[in-house]
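# Residue-level structural notes
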Amino acid sequence: MAKEELNQFKSQEAGVVQADVSSESSSFGRRGSGGGGGDEEGDSVDWGYDGKHKGIRLKKDLQARHVSMIAIGGSLGTGLLIGTGSALSQAGPIAILIAYSIMGWVVFTVMSCLGEMAAYIPLDGFTSYATRYADPALGFAVGYTYLFKYLVLTPNQLTAAALVMQYWVGRGKVNPGVWITVFLAVILTINIVGVKFFGEFEFWLSSFKVLVMLCVMTLLLVLVLGGGPSHNRLGFRYWKDPGGFKPYSGAVSIPGGKGKFVSFASVFVYALFAYLGTELCGIVAAECKNPRRNVPRAIKLTLYRIVVFYLCTVFLLGLSVAYNDPLLLQTKKAKTSAAASPYVVAIKNAGIPVLPHIFNACVLTFVFSACNSDLYVGSRSLYGLAIDKKAPKIFAKTNSWGVPYNSLALCTLFCCLAYMNVSSSAETMFSYFVNVTSIFGLLSWISILITYISFDRAFRVQGIDKNTLSYQAPFQPVTAWIALGFCLMVALVKNFTVFLGDTFDYKTFITGYIGIPVYILCFVCYKIVHKTKWIKSANVDLFTYKTAIDLEEEEGKLEMMRLKEERKQHGWTWKQFYDYIFGWIF
C-alpha cells in the first residue's frame, strides 16, 4: 500500500490531491496545501492530467549542492556589498556588528523552523505551509505578501544592474533601457529552460559569489594587518577613534548615549535587507530530491555561512574603514556600483589601483544572480498560490520541463517596471521600492514563525514524538517565540527615524510600512469571504502523504549506503570528495 502511495505521489509530482483522498484529511497541492479551516476543509484539487491540461508538475531536479548554494546565493547581494556601508556610516562598527549578529540569529531561527517543516513534508511554498498548519487566511496573506515582494524586487535588481553598468558606460552613451533589456532576456531564458539548468547555473554563480566574499575577507584582513601598499597597520584603531558607536546625525542630531542607541536601532533595517533571501530553501524544497537529507543540510550550512560571510565581513569592514571617512560618506550619494561600496573605500585608502573595476564586475555578477533567482522565486510563489486555489488555476500549469510558464510570464511583465530607470526623474521614485521589499520580507518571516508555532503545537497536542523527525529545529518552541517578538518589534520601528526632526518624510513612511496594512487586509478579507477558522492543533493534518515522503527518505538512505559501499570498493569519487570536503563552503 505504501508503495502504491509513493507511485501515486510520484505520478502527481506537482502533486495534486486525487479525488479519492479521504475528505477527513486536509487536501493540498503538490505535497500540498492544507485546508483545515472553513470551506476549504476536505476540498480536493483535481487539476492533474486529465487530457485537457499539460499538467501542473514541478520537476524534482535540484541536488543537495543546488539547494545549499541557492540558499546562500539568494542572500549574498547588494545588501551585503552596498548596504553595509550605509549601516557603518550611520551607527559605527561595533553597533553594526551587534545588529547583524542579532539579525543573523533571527535568520537562523526562521530557517530552522522552516527547515523542520520542509523536511517533514515539503510543500509548495510558505502559503502551503500556513494553509495546512495554521489558517488558509494566513496562507493567503503570506502568499501574496511574498509574491508582491518579488514582483517589486526583480525589476529593482534589473535597475541596479543597469546602474552598475553606468560605472563604466554613462547614461549619455548608452541608455539604461538597453542594459535592462539584455539582462531581462538572459534571466528569462535561464528560467524558461527548466529548474535543472537553473539550479546548475545558479550553483556556479553562487559559487563565484562565495569565492568573491572569501577574497574580500582575505583582502580586508591583509589590510587590517598592514599588508597593503601603504603598510598602514590598522588593527582596532577605528574602534577607538572615532569610536565603535556613532551618535545619530540624520534629520536631527542626537548626542551622547541616547544618540548612539538611536543609531544602533536604526541599522536593523540594513541588516534585515542584507539577510533577505535566505528563506529560499522553503521554495526550492518543492523541487529538491530527497528533501529530508538535503534541506536540513542546507539549513545547517546556513548557520556557518552566516557567521563567515556576514559577521566576519562586517567585523573586518569595521576595522578597515572609519564611520566618518570622507570617502565612505560619499558612497551614500553614489549609485549601486563599485562607487557605492564600502569595500572599495578600503581598497582606495590602501592605495590599490584597478581593483575597483574588478570589484564592480563582481557586483554585477551578484546583481545578475539576484535577478535570476528573484524571477524564479516570484514565479514559484504565484504557482504555489494557484496550487492552493488562491490564484487562478491557469498559473498552476507547467510545461514538459516543469516550468510554470504562465506564472513566469506574469512575473516577467512586472519586470518592465525596471524601465522606469530610463527616466532619471522616475529613478528617484523607484528607489523607494527598496523600502517596500524589506517590510514584505519581514512579514514573510513573521508568517513562517507563526506557522511553525502552530506546527509544533500540533505535534505536542497529538502526542507525536518529534525526536523521530529527520530534522528538528533546536531549542523550540522557545526560540521561535523570541524571534517572532523581535521581528514584530523590528516591523514596527523599522523606519522610526521619519518621526525625528522638523519635517516628516511621508514617502519613506509609506513605503516602509505599506506592507503591514496590505498584509492585514489580505488576511481579514480572505477570512471574511471564505469564513475560515484557525485550525485547532488536534485537527492539523500531519499525515497526508507522509508515508510517501518516508519511502522517499528510505530510498535516499539506500542510495547513500550504496555510495558508501562503492567508496569502499573503488575509492572516493569526485562527487563524494565534494560532499565531504568542499560541500561545507560550496
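Given the structure is predicted, the values throughout are model-derived calculations rather than measurements.

## What about the confidence of the model for the chain?
Here the chain shows a mean pLDDT of 78. Residues at 70 or above account for 79%. Segment residues 1-54: pLDDT under 50, and 148 contacts once partners within four positions in sequence are set aside and those in other chains are kept.

## Quick notes on the pattern of salt bridges
Note on pairing: side chains with opposite charge can pair once their charged atoms come close. One pass over the structure, following the stated rule, counts five salt bridges. In this structure, the salt-bridge partner of Lys-466 is Glu-116, at a minimum N-O distance of 2.5 Å. Here the residue Lys-466 occupies a position in the loop between helix H20 (433-461) and helix H21 (478-493), and Glu-116 occupies one in helix H5 (residues 93-120), the gap between them amounting to 350 residues. Take Lys-466 and Glu-116: they sit in the same class, and that class is buried.

## Re the packing of aromatic side chains
Within a pair of aromatic rings, the relevant descriptors are the distance that separates the centres and the angle that separates the planes. Across all of its chains, the model carries 26 aromatic pairs by this definition. With centroids separated by 4.7 Å and ring planes inclined at 50 degrees, the aromatic side chains of Phe-140 and Tyr-144 adopt a geometry described as tilted. Residue Phe-140 and its partner Tyr-144 are both found in helix H7 (residues 136-165); the two are separated by four residues, about one turn of the helix. Here Phe-140 and Tyr-144 have matching classes, each one buried.

## Regarding unusual backbone geometry
In this structure, the amide linkage connecting Asp-241 to the following residue, Pro-242, adopts the cis form with an omega of 15 degrees. Along the chain, Gln-476 connects to Pro-477 via a cis peptide bond; the corresponding omega equals 5 degrees. Examined against the element boundaries, Pro-477 turns out to sit in the loop between H20 and H21. Even without a glycine there, the phi angle at Lys-531 is positive, about 55 degrees. Inspection of the secondary structure assignment puts Lys-531 in the loop between helix H23 (515-530) and helix H24 (546-570).

About the cut-offs
Residue numbers restart at each chain and count upward from 1, following the sequence in its written direction. For this predicted model, a pLDDT threshold of at least 70 governs which residues receive local features, and a threshold of 80 or more governs which side-chain atom pairs are given and counted, while totals over whole chains, interfaces and linings are taken from all residues. Neither water nor hydrogens contribute to the side-chain values; these are computed over all heavy atoms in the structure. Per-residue confidence from the predictor is reported as pLDDT, a score between 0 and 100. By the convention used here, residues are in contact when the closest approach between their heavy atoms is within 4.5 Å. When a carboxyl oxygen of Asp or Glu is within 4 Å of a side-chain nitrogen of Lys or Arg, the pair counts as a salt bridge. Each helix is a run of H or I in the DSSP string that is no shorter than four residues. Each strand is a run of E no shorter than two, and both are numbered from the N terminus. Think of it in three bands: residues with accessible area under 20% of the maximum for their type are buried, residues over 50% are exposed, and the middle band is partly exposed, with areas taken using a 1.4 Å probe on protein chains only. Between 30 and 60 degrees the pair is tilted, below 30 it is stacked and above 60 it is edge-to-face, where a pair is any two Phe, Tyr or Trp rings, Trp via its six-membered ring, whose centres lie within 6.5 Å.

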